[in-house]
Structures are given as structure tokens and as C-alpha cells.
Amino acid sequence: MTVSQALRAAADRLLATSDTARLDAELLMAHALGCSRTDLLLRHMQAETPATFAGLVERRLTHEPVAYITGSAEFYGLDLAVTPDVLIPRGDTETLIEAAREAFAGRMAPQRILDLGTGSGALLLAALSLWPAAEGIGLERSPGALAVAQANGVRHAPTARFLKGNWTVPGWADDLGQFDLVLSNPPYVEDAAELDPSVRAHEPASALFSGPEGLDDYRILIPRLPGLLSPDGIAIVEIGWTQADAVSALAQAAGMSARVHLDLAARKRAVEMAIITNIPLGKGPAGH
């Protein structure tokens, strides 16, 4: 069977488990061939189908995410290694990087950047791709995720440091110092939330769930942010689209202003925070 024929057959089968069946089939085929998706479409459509392709499709039919099958995902133009130890980086999370880029436009670039709950290292490495001279630190409690982040750091930002740390343990921030930019995509899914099987069954629960309202980690993390910020520093955290008011209230209770940023689908996706006496932020949602 040619690659073209195998792709059509696989896409038909994957319709039962995926909203992106054809794309999934193409990514799996490119992985089986050891080439890029573009190269697949331009040069390999009439080639013989690799023997390994069928097994990859079978894995996807069990709802296993494509990124875990191929071992990689793209984020902000970076090709990142991913394993089931880490949350798969998503395009929505790039909202935080765009918010940071906007915040530092026309002012001194951040000199120190902290990524709390770094996972694959996606946020920190994307930020360092914009500000390569900055010192970057990623904090992660999972040993498996920490290993993934360190491997990605070697590829994309060799000077970045990835440290084991857990914000639920007293004293976790004592020796970190202050930062011009703090980024975080903490767990924020409600414990009882209905999720796609590819997420609930395969992605790490510790990176997803945060109590009945999805706010438990924010309640721990946000009060500590003022102590981590330099005088002109900002913190940007990802949120679920219904959580803007609750997270903004936590920021204000901690003495910080809060500005909501929208993702490309016009959903509330991030909250930018700064100590009120230092940086007055604009009011209302900000789109990109």
C-alpha cells in the first residue's frame, strides 16, 4: 500500500477518536518515515508505507495523544521533547508569551525569568528565545518532568537551569531571589471536570487538577508572587476561561493589579499581575 492510500485509510479509522483525523495520520506517517510532515506531503506520497505505521495508528485509536506517540510537540516555534510525564504544550499557552512580549515592548528586557511548574520547559524556553541574554530558571516537582525539561534546555537554551521544587512545601521560594518575569501554567482543572479521553487517561493528573474549583494551586501560588517579583517585575499565569474573576481577586488580595489577556479564540486565558505601587496595568481584557 502506498503512503497516500494508507493515509486515507488511517484517517477514516481515526475519525472515531479524533477531530483531526487526517492531520493525526499525517503526523504519525511522517514519524514512521523519519521526515517532516511537509516533506511527507511533497516527496513521499507514492512511497511504500512503513511497517511501523499500523502500530502507531492503533495507539492513536486508544486515544493516546499524537505528541506522546511521536515524542515531540511544537511550542512557539520550538520542537520540544514530550513524554507522559509532562503536559503537552498547547497553542493557547502561547498567550502568556505574547502577553510578556507586549509587556516588555519599549522597556528594558527581563534579566531574570522564572517558570513555575515548568513541565517540558515550554514557557521558559519560549521566553528565552525572545530574551536569550536573560537568566532562566524553571521549577518542577516531578522528577520525570524535570528530566524532560532539562533535555529540552540542552537543545534550546543551554544556560537555563531547571530545579526541583514544589510550591506546596514551606520555604520553596526562599532562595530563588527576585525576577523581572514570572510565568506559570499551574494545574487549574476542576477535579470533576469532563475531559477528552486523550487528556484524562494519558496526561499527568498532577499537572491538570487543582481541587473542586480548580483554584487550589492559585491560592497557594499567587500570595507568594509579590516576594518573587523585582520592583518592576510582572507575573503571568494561565487560567481556565471561567477563572478570570477568581484569579484576579486573588491577585488583588495579594496587593497586585490584574489584567486579563485573551487567547486567539477570544477566551480569557491569562492574568498578568504586578505589585500595584510599581506598575499600573491597563484595565479590562486585552486581546492579541
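Residues numbered from 1 in each chain as written. Predicted model: local features only at pLDDT ≥ 70, side-chain atom pairs only at ≥ 80, totals over all residues. Heavy atoms only, no water.

## Focus: the sheet that holds strand β5 (residues 161–164)
For clarity, the cut-off: A strand pair is defined by DSSP finding two or more bridges across the two strands. By the criteria applied, helices consist of DSSP H or I runs no shorter than four residues and strands consist of E runs no shorter than two, each listed in order from the N terminus. Axis geometry follows a simple rule: fit a line to the C-alpha atoms, using only the stretch in contact for helices, then measure angles between N-to-C directions, giving values from 0 to 180 degrees. We call two residues in contact whenever any of their non-hydrogen atoms come within 4.5 Å of each other.
Strand order in this open sheet of seven strands is β5-β4-β3-β6-β7-β9-β8, and the pairing throughout is mixed. Both edges of this open sheet fall to β5 and β8 (256–262), since each of them pairs with a single strand only. Neighbour-to-neighbour, the strand axes of this sheet turn through a mean angle of 20°, independent of strand direction. As paired elements, strand β6 (residues 179–184) and strand β7 (residues 229–238) share five bridges and run parallel to each other. Considered in β7, the bridge of Val-182 is made with Ala-235. Against the sheet, helix α6 (residues 94–103) contacts β6, β7, β8 and β9 (268–275), and its axis sits at roughly 155° relative to β7. In the packing of helix α8 (residues 143–156) onto the sheet, contacts are made with β4 (135–140) and β5, and the angle to β5 comes to roughly 170°.

## With respect to the packing of aromatic side chains
Just so we agree on the cut-off: Aromatic pairing here means that ring centres of Phe, Tyr or Trp (its six-membered ring) are within 6.5 Å. Orientation follows from the plane angle: under 30 degrees is stacked, over 60 is edge-to-face, and everything else is tilted. In this scheme, a residue with accessible area under 20% of its type's maximum is buried, one over 50% is exposed, and one in between is partly exposed, where area comes from a 1.4 Å probe on protein chains only.
According to the stated counting rule, one finds one aromatic pair in the structure shown. Here the aromatic rings of Phe-104 and Trp-131 are separated by 5.6 Å at their centres, their planes lie at 65°, and the arrangement is edge-to-face. With Phe-104 in the loop between α6 and β3 (112–116) and Trp-131 in the loop between α7 (122–130) and β4, this pair connects stretches of sequence that are 27 residues apart. You can call Trp-131 buried: its relative accessible area is 12%.

## Section: helix α2 (residues 21–33)
Quick reminder of the rule: To estimate how far a helix should reach, multiply one less than its number of residues by 1.5 Å.
With 13 residues, α2 extends 18 Å between its outermost C-alpha atoms, agreeing within 8% with the 18 Å of an ideal straight helix rising 1.5 Å per residue. Three or more residues of α2 are buried, namely Ala-21, Asp-24, Ala-25, Glu-26, Leu-28, Met-29 and Ala-30. Buried residues along α2 sit against α1 (3–14), α3 (37–43), α4 (53–61) and α5 (66–70).

## Topic: unusual backbone geometry
What you tend to see is this: most non-glycine residues have negative phi, and most peptide bonds are trans. In this model, His-63 sits at a positive phi of 80°, which is unusual for a non-glycine residue. Among the secondary structure elements, His-63 is positioned in the loop between α4 and α5. One non-glycine residue with positive phi stands out, namely Ala-266, at about 65°. Its location among the elements puts Ala-266 in the loop between β8 and β9. Under the relative-accessibility criterion, Ala-266 is labelled exposed at 56%.

## Quick notes on the pairing of strand β2 (residues 78–81)
Side chains Leu-78 and Leu-80 project from β2 onto a buried face, and the interleaved Asp-79 and Ala-81 project onto a face without burial. Strand direction decides the pairing type here: strand β1 (residues 72–75) and β2, joined by four bridges, are antiparallel. Looking at the pairing, Ala-73 lines up with Leu-80 of β2.

## Things to note about the nonpolar core
Nonpolar side chains tend toward joint burial in soluble globular proteins. We count it as follows: Throughout, nonpolar core names a set of buried Ala, Val, Leu, Ile, Met, Phe, Trp, Tyr and Cys residues whose side chains join them through atoms within 4.5 Å.
Formed by 30 residues in total, the largest nonpolar core has its most connected members in Ile-113, Trp-131, Leu-181, Leu-183 and Ile-236. Contributions of two or more residues to this core are made by β2, α6, α7, α8, β6, β7 and β9. If you tally residues by element for this core, the top one is α7, at seven residues. The residues touching Ile-113, leaving out its near neighbours within four places in the chain, are Leu-124, Ala-127, Leu-128, Trp-131, Ala-134, Glu-135, Gly-136, Ile-137, Phe-179, Leu-181 and Leu-183. Counting residues in each nonpolar core, the second largest holds 29 residues, with Leu-114, Trp-167, Leu-228 and Ile-275 among its members.

## Thoughts on the packing of α1 against α2
The line we're drawing: Throughout, the term roughly parallel applies to angles under 35 degrees, roughly antiparallel to angles over 145, roughly perpendicular to angles from 65 to 115, and oblique to all others. Less than a right angle of anticlockwise turn of the near helix away from the far helix marks a crossing as left-handed, whereas a clockwise turn marks it as right-handed. Think of it as three bins: nonpolar holds Ala, Val, Leu, Ile, Met, Phe, Trp, Tyr, Cys and Pro, charged holds Asp, Glu, Lys and Arg, and polar takes everything else, Gly as well.
The N-to-C vectors of α1 and α2 enclose an angle of 135°; their axes lie 8 Å apart at closest approach. One way to sum up the angle between α1 and α2 is to call them oblique. When the axes of α1 and α2 are compared, the crossing they make is right-handed. Note on element contacts: α2 touches α1 through Ala-21, Arg-22, Asp-24, Ala-25, Glu-26, Met-29 and Leu-33, opposite Val-3, Ala-6, Leu-7, Arg-8, Ala-10, Ala-11 and Leu-14. When grouped by side-chain class, the residues that make up the contact of α1 with α2 number ten nonpolar, no polar and four charged.

## Re the pattern of salt bridges
Heads up, the condition is: Salt bridges are counted wherever a side-chain nitrogen of Lys or Arg sits within 4 Å of a carboxyl oxygen of Asp or Glu.
One pass over the full model with this rule turns up 20 salt bridges. Linking Arg-269 and Asp-92 is a salt bridge whose minimum nitrogen-to-oxygen distance equals 3.6 Å. With Arg-269 in strand β9 and Asp-92 in the loop between β2 and α6, this pair connects stretches of sequence that are 177 residues apart. On the basis of relative accessible area, Arg-269 is assigned to the buried category, the value being 7%. A residue is classified by how much of its surface remains accessible, and Asp-92, at 27% relative accessible area, is partly exposed. Note that Arg-269 is salt-bridged to Asp-263, the shortest N-O span being 3.1 Å. Looking at Asp-263, the relative accessible area reads 3%, which means it is buried.

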